[in-house]
Amino acid sequence: INAEYMGDLRIMAEKKEEDHKMEELKEKDKIVPETKKVPLEEEKGKLAEDMRKLVEQNSEFESQLKCEIAKEMPMTEKKPISLLLAEYKDNKFFKSLEIVSKTFNQIRKARRDGNCFYRSYLIQLLEFVNPVKGAANGVLVEEKIKASKELLMIAGFDPLIFEDSYDLLLREIIVLKTVEPEKFEATLLNIVSNPETSNYLLLFLRLITSAYIKTHSEVFMGFVTEATIEDYCLAEVEHFDHDCDHVQILALTSYMNIGINVYVPRYDGQMETSKFPDAAPEYPIHMLYLPGHYDPIYKPTQNSKLCQLNTQLILNCIQLNKKKKKKKKSTLR
């Protein structure tokens, strides 16, 4: 009995010693109990909630931005390009814009709503209708608009979609041809800025662009990422307030046969010029392209010498201020 009792005591002592060693190891290695894992469904739910909040924030920001843009004038009257230079005086584009100001002295500011190219092209097309100018381009604009009805039908557009816009644009051309010269500018601005008329006219230009691309799909197919030309036109061209790309510019200017020069400032102070289309008989329309936006620009005329002088005066003031700042910095050093 004593032997059995002693054996039990030995076993208990060995177990106690093992437990003591285990406690020491736990303390030494700081063994922590295993944390409870979050179920996969709970993780997915949290991620979905975070994504929902992010989408709501982006949607709210876009709505605020659209409200701010909607407050802008769709198109302004001609302004001295010196105002643009003053706006960009501390920007890397300033030197490039100086180059532009040596050739062009006036600019219109188009609303940044995705239609800026179409609106800028439209107003310059309609300017040719001015009887005071007496340019042949005015006749060409009217002829091309009249002929666009056949193009749209060949491309498969139902007349119910475009007839109202087609008739409206021809009526506005007649108005501009017959309006008194001193009222031409105000009438023109009302046509391209009044939502009741301008939205129809902008959509009509988009339909002409889409029709030309569809009827010349072999030319443009290699430049679009969508599966078909129809998909591209539906998503990018016919979508109102959607930014215009080079494919659309090439298509619209090719149909109208009135070329444009697009001036693109660079950060290194140089200026790039792109012509659309390549084989236009002339390029009487000029636009300035700053990141994501087009504005029409104008060369000096006999009536704009004062504006040109104003531009030069502001340029001189900007240069003088820069010299003063440099002199002040060197004095501080």
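In the block above lies the structure referred to throughout.
(A) Seen up close, a negative patch on the surface. A surface patch of like charges, here negative, comprises D158, E163, D164 and D167. Following the sequence through the fold, D164 ends up in helix α7 (residues 159–178). Given a relative accessible area of 57%, D164 falls into the exposed group.

(B) Looking closely at the nonpolar core. Core analysis: the largest hydrophobic core is formed by 61 residues, its most contacted members being F117, Y121, L126, I145, I213 and I260. Counting residues per element, this core draws most heavily on helix α9 (residues 195–215), at nine residues. What F117 contacts, discounting residues up to four positions off in sequence, is C244, I249, L252, I260, M287 and Y294. By size, the runner-up hydrophobic cluster in this structure holds 15 residues, among which are I81, L84, L85 and L97.

(C) Region of interest: the packing of α7 against helix α8 (residues 184–193). Two numbers describe how α7 lies on α8: the axes approach to 9 Å, and their chain directions differ by 165 degrees. In terms of orientation, α7 lies roughly antiparallel with respect to α8. Like other packed secondary-structure pairs, α7 and α8 cross with a definite hand, here right-handed. Contacts between α7 and α8 involve E172, V175 and L176 from the former and F184, T187, L188 and I191 from the latter. Its residues assigned to classes, the contact of α7 with α8 comprises five nonpolar, one polar and one charged.

(D) Representation of the side chain of R119. Within the secondary structure, R119 sits in helix α5 (residues 116–127). With sequence-adjacent residues up to four places away left out, R119 is seen in contact with P74, M75, R111, D113, V192 and L202.

(E) How the structure looks around the packing of helix α6 (residues 136–154) against α9. Interhelical geometry of α6 versus α9 gives an angle of 55 degrees and a closest axis separation of 9 Å. In terms of orientation, α6 and α9 fall into the oblique class. For the crossing formed where α6 meets α9, the hand is left-handed. On α9, the residues touching I145, S148, L151, L152 and I154 of α6 are F204, L207, I208, A211, Y212 and T215. Of the residues belonging to the contact of α6 with α9, the class tally is nine nonpolar, two polar and no charged.

(F) View of the sheet that holds strand β6 (residues 293–298). If you trace the six strands from one edge of the open sheet to the other, you get β1-β2-β6-β5-β3-β4, paired in mixed fashion. The strands lining the two open edges of the sheet, one partner per strand, are β1 (79–80) and β4 (271–276). Both strand β5 (residues 285–290) and β6 contribute to a ladder of four bridges, which runs antiparallel. Paired with L290 across the strands is H293, a residue of β6. Its contacts with the sheet place helix α4 (residues 94–101) against β3 (260–265), β4, β5 and β6, and it is angled at close to 55 degrees to β4. This element, α5, spans β3, β5 and β6 of the sheet and lies at about 20 degrees to β6.

(G) Representation of the packing of aromatic side chains. Evaluated as defined, the whole model comprises nine aromatic pairs. Between F117 and Y118 the ring centres are 5.8 Å apart and the planes differ by 75 degrees, which places this aromatic pair in the edge-to-face class. Here F117 falls in the buried class, since its relative accessible area comes to 1%. Assessed through its relative accessible area of 0%, Y118 is described here as buried.

Reading guide: rules and limits
Residues numbered from 1 in each chain as written. Predicted model: local features only at pLDDT ≥ 70, side-chain atom pairs only at ≥ 80, totals over all residues. Heavy atoms only, no water. Patch = residues over 30% accessible without salt bridge, like charges linked within 9 Å, V, L, I, M, F, W, Y side chains within 5 Å. Areas by Shrake-Rupley, 256 points an atom, 1.4 Å probe, with all protein chains shown as cover. Salt bridge = Lys/Arg side-chain N within 4 Å of Asp/Glu carboxyl O. Lys, Arg positive; Asp, Glu negative; His and termini not counted. Charge placed at Lys NZ, Arg CZ, Asp CG, Glu CD. Helix = DSSP H or I, 4+ residues; strand = E, 2+ residues; numbered from the N terminus. Buried < 20%, exposed > 50% of the residue type's maximum accessible area, 1.4 Å probe, protein only. Core = buried A, V, L, I, M, F, W, Y, C linked by side-chain atoms within 4.5 Å. Contact = heavy atoms within 4.5 Å. Axes fitted to C-alpha atoms, helices over the stretch in contact; angles between N-to-C directions. Parallel < 35°, antiparallel > 145°, perpendicular 65-115°, else oblique. Left-handed = near helix turned anticlockwise from the far one by under 90°. Nonpolar A, V, L, I, M, F, W, Y, C, P; charged D, E, K, R; others polar. Pairing = 2+ DSSP bridges. Phe/Tyr/Trp six-rings, centres within 6.5 Å; stacked < 30°, edge-to-face > 60°.

Without other data, these values stay purely geometric and don't point to any function.
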